[in-house]
Amino acid sequence: MTEYRNFIAGEWCAAASGQSFERRNPADERELVGRFAASDARDVQAAISSASAAFPAWRALAPAKRAQVLTRAAAWLDAHAADLARDLTREMGKPLALAQDEIARTAQTFRFYAVEGQTHTGETFPSDDPDMVVYSQREPLGVVAVISPWNFPASIPARKIAPALITGNTVVFKPSSDAPLTGVHLAEALAAGGAPAGVLNLVTGRAGDVGSALTAAPEVRAVTFTGSTAAGEQIHRSVAFTTRTQMELGGKNPLIVMEDADLDQAVDLAVKGGFSLTGQACTGTSRILVVKQVRAAFVEKLLARMAKLKIANGLQAGVDLGPLATRKQYETVLRYLEIGKQEAKLAAGGRALTGPDHEHGFFVEPAVFTDVSPHARIAQEEIFGPVLAVIDVDGYQDAIAKANDTPYGLSAAIATRNPRYVHDFCRDIQSGTVKVNRTTTGNLTNAPFGGYKASSSSGFRESGRVGLDFFTQTKTVYRAF
Ligand SMILES: NC(=O)C1=CN([C@@H]2O[C@H](COP(=O)(O)OP(=O)(O)OC[C@H]3O[C@@H](n4cnc5c(N)ncnc54)[C@H](O)[C@@H]3O)[C@@H](O)[C@H]2O)C=CC1
Ligand SMILES: O=Cc1ccc(S(=O)(=O)O)cc1
């Protein structure tokens, strides 16, 4: 099947316009992945009405019953994991092993919130009146809009949808039009899990056609979004002042390599953090701040390691890097490679790949720039591609000052064996996630996730137990006889 529809009020339905858009495989544009409903404001309004109508009964349902829906959806994901991972690779390009891992983590996220959401309780407070009890309780917000990107088309929406649903909200979900098929599969999973009609609604389409209809609707009580800073700003401007927002935005994530680091391990962190997912992770490493005395040895090992990377269609065995996910992303990365050549020294890589394995896809060689000024554009702006900027530093104080000197603060790592550096780094770095001798990428379902500075827009963290907070409001009750 290659024709996919919206999911509204428990029914699979075509867009009101009757139009569809296509998604093609970024590794080989000749392959059609599917055709999807090209929705507009009418479809969005139908989905919001459906979610509003479903809300009273869903919030009244026992949390254990809501949990069963998530648990059964997780079982459906597990049962279909092989096909889902394949579709995920076909639609956005990541290597199959990473897609398999993502589907497994998505099921895990549904199970995690099925359990945690049932004990997301309030507190009792000592009362100044013996005839009065005082307590707080958590209540759902209502209709929540979930807007997600293409780089993690299963795990990012899952960690928004699962906490929203378990706490009694209903959802209108708009996946990226560059990875809509995995969004369709999430809706299938929840339908198979027994979500009542209207509890989860899926609307596919271009941001320009559905964006503000969804985010500005007065019935939508909260918008949870992951994507670019530019889109985040637009959404922020479009919502009513009473609409709660949660935005996970970009990063310019540093890896600091100290003079005492195990250089083989540091290279591993740079390659995995910078190039896995072809650099298209918000937590991807993009700046390497390396102490001068080990810089030459580090770069030499890094280039040797890069020469062994296999770049091809993610469905092939042993692939390290797939294509960039979209033509727009491909053009952006090529543009930044040209900017980098003006600003710094290209030490390796950076060519657009052609030839038998690559000619129909968006493939580029991973690139390393050295002699990069900390204020160069390639050291300050999110590229979202396999491009590493190596910046020389004089020691710990210089490294931390430069690491903190961007508008972002999502994830940061240090390679060192010195406990003093470890201690100071965990204190000094302005970043929502801090890693010691681990990659900037990768985060656990059960731990909080979010950024400092321009990397997140609100104090509400995603993921982990605190990921439930965004989706509830607190009511304080004073109850006397
Ligand atoms: N933080 C992250 O995980 C991600 C960051 N990005 C960054 O964004 C850049 C561009 O990628 P895009 O796919 O164009 O991301 P984007 O931020 O434009 O799109 C992300 C999602 O938001 C939706 N969207 C965009 N504008 C909207 C609006 N005004 N109202 C409602 N929904 C809206 C899109 O349809 C998509 O579902 C990348 O180069 C990268 O720098 C992209 C994807 C993920
Ligand atoms: O791109 C940002 C990002 C990367 C990974 C994840 S998840 O841990 O797979 O959910 C979330 C956000």
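None of the values given here were measured: they were computed from a predicted structure.

Engineer: Just checking my understanding: could you explain the overall build of the protein for this structure?
Structural biologist: Regarding its fold elements, the protein presents 14 helices and 20 strands. In summary, the protein has a C-alpha radius of gyration of 23 Å against a globular reference of 23 Å for 481 residues, a match within 12%. Dimensions of the protein, computed from C-alpha atoms along their principal axes, come out at roughly 75 × 60 × 40 Å. In the protein, buried positions account for 57% of the 481 residues.

Engineer: Looking at this model, I keep getting lost on the state of the cysteines. Mind explaining?
Structural biologist: Formally, a disulfide is one covalent bond, and it connects the sulfur atom of one cysteine to the sulfur atom of another. Scanning all chains against the criterion turns up zero disulfides. The structure places no disulfide on Cys426, whose sulfur is separated from the nearest cysteine sulfur, that of Cys282, by 20 Å. Take Cys426: its relative accessible area is 43%, and that puts it in the partly exposed class.

Engineer: Where do I start with the UniProt feature "domain: Aldehyde dehydrogenase" (unreviewed entry) in the protein in this structure?
Structural biologist: In this structure's numbering, the residues bearing the UniProt feature "domain: Aldehyde dehydrogenase" (unreviewed entry) are residues 12–477. Taken as a whole, residues 12–477 contains 39% helix and 21% strand, while its terminal C-alpha atoms sit 42 Å from one another.

Engineer: Which parts of the structure should I look at to understand the pairing of strand 9 (residues 170–174)?
Structural biologist: Two faces, one strand: in a regular strand the side chains alternate between the faces of the sheet. Extensive coverage of strand 9 is indicated by the burial of five of its five residues. Covered by surrounding structure in strand 9 are Thr170, Val172 and Lys174 together with Val171 and Phe173, the residues of both alternating faces. Across five bridges, strand 8 (residues 143–147) lies against strand 9 in parallel orientation. Each bridged residue has a counterpart across the sheet, and for Val143 the counterpart in strand 9 is Thr170. Handedness of the β-α-β unit built from strand 8, helix 5 (residues 155–166) and strand 9 comes out right-handed. Sheet analysis places strand 9 next to strand 10 (residues 200–202), joined by three bridges and oriented parallel. By the bridge assignment, Val172 is partnered in strand 10 with Asn201. With respect to chirality, the unit in which strand 9 leads through helix 6 (residues 180–192) into the neighbouring parallel strand 10 is right-handed.

Engineer: Any chance you could explain the nonpolar core here in plain terms?
Structural biologist: Burial of nonpolar side chains together is a common tendency in soluble globular proteins. Leu70, Phe110 and Leu190 are the most contacted members of the largest nonpolar core, which totals 56 residues. Not counting residues up to four positions away in its chain, the partners in contact with Phe110 are Leu70, Ala73, Ala74, Leu77, Ala158, Ala162 and Leu190. Core analysis: the second largest hydrophobic core is formed by 33 residues, Ile256, Tyr336, Val372 and Ala399 among them.

Engineer: What exactly am I supposed to notice about the site of ligand 1 here?
Structural biologist: Near ligand 1 lie 23 residues; those nearest to it are Ser148, Trp150, Ser228, Gln234 and Lys328. Between Gly227 and ligand 1, the recorded distance is 3.4 Å, taken from a backbone N or O atom to a nitrogen atom. Separating an oxygen atom of ligand 1 from a side-chain N or O atom of Glu382 is a distance of 2.8 Å. Considered on its own, ligand 1 offers 800 Å² of accessible surface; in the complex 88% of this is hidden by protein. When residues of the shell around ligand 1 are traced back to their parent elements, those giving at least two are helix 7 (207–215), strand 11 (220–226), helix 8 (229–238) and helix 11 (327–343). If you count residues domain by domain, the shell around ligand 1 takes at least three from each of domain 1 (3–249 + 456–480) and domain 2 (253–436).

Engineer: How should I be thinking about the sheet that holds strand 17 (residues 387–393) in this particular structure?
Structural biologist: Backbone-to-backbone hydrogen bonds pair the strands of a sheet. The strands run either parallel or antiparallel. Spatially, seven strands are ordered 15-16-17-14-13-18-19 in an open sheet, and the strand pairing comes out mixed. The two strands at the open ends of the sheet, each matched to only one other strand, are strand 15 (345–348) and strand 19 (433–436). Between one strand and the next, the sheet's axes are offset by a mean angle of 25°, whatever the strand orientation. In this sheet, strand 19 lies alongside strand 18 (residues 411–415) in parallel orientation, the contact comprising four bridges. Considered in strand 19, the bridge of Ser411 is made with Thr433. Here helix 9 (residues 263–275) sits on the sheet and contacts strand 13 (253–257), strand 14 (285–291), strand 16 (367–370), strand 17 and strand 18; the angle it forms with strand 13, its principal contact strand, is near 170°. Against the sheet, helix 13 (residues 396–403) touches strand 13, strand 14 and strand 17, its axis set at about 140° to strand 17.

About the criteria used
Residues numbered from 1 in each chain as written. Chains lettered and ligands numbered in written order. Predicted model: local features only at pLDDT ≥ 70, side-chain atom pairs only at ≥ 80, totals over all residues. Heavy atoms only, no water. Helix = DSSP H or I, 4+ residues; strand = E, 2+ residues; numbered from the N terminus. Rg over C-alpha atoms; globule rule 2.2 N^0.38 Å. Buried < 20%, exposed > 50% of the residue type's maximum accessible area, 1.4 Å probe, protein only. Disulfide = S-S within 2.5 Å. UniProt positions renumbered as here; feature names shortened; annotations may be inferred. Pairing = 2+ DSSP bridges. Right-handed = clockwise from strand over helix to strand, strands pointing away. Core = buried A, V, L, I, M, F, W, Y, C linked by side-chain atoms within 4.5 Å. Contact = heavy atoms within 4.5 Å. Near = heavy atom within 4 Å. Polar contact = N/O pair within 3.5 Å; in protein donor to acceptor, adjacent residues only side chain to side chain. Areas by Shrake-Rupley, 256 points an atom, 1.4 Å probe, with all protein chains shown as cover. Domains from an automatic or database assignment. Axes fitted to C-alpha atoms, helices over the stretch in contact; angles between N-to-C directions.

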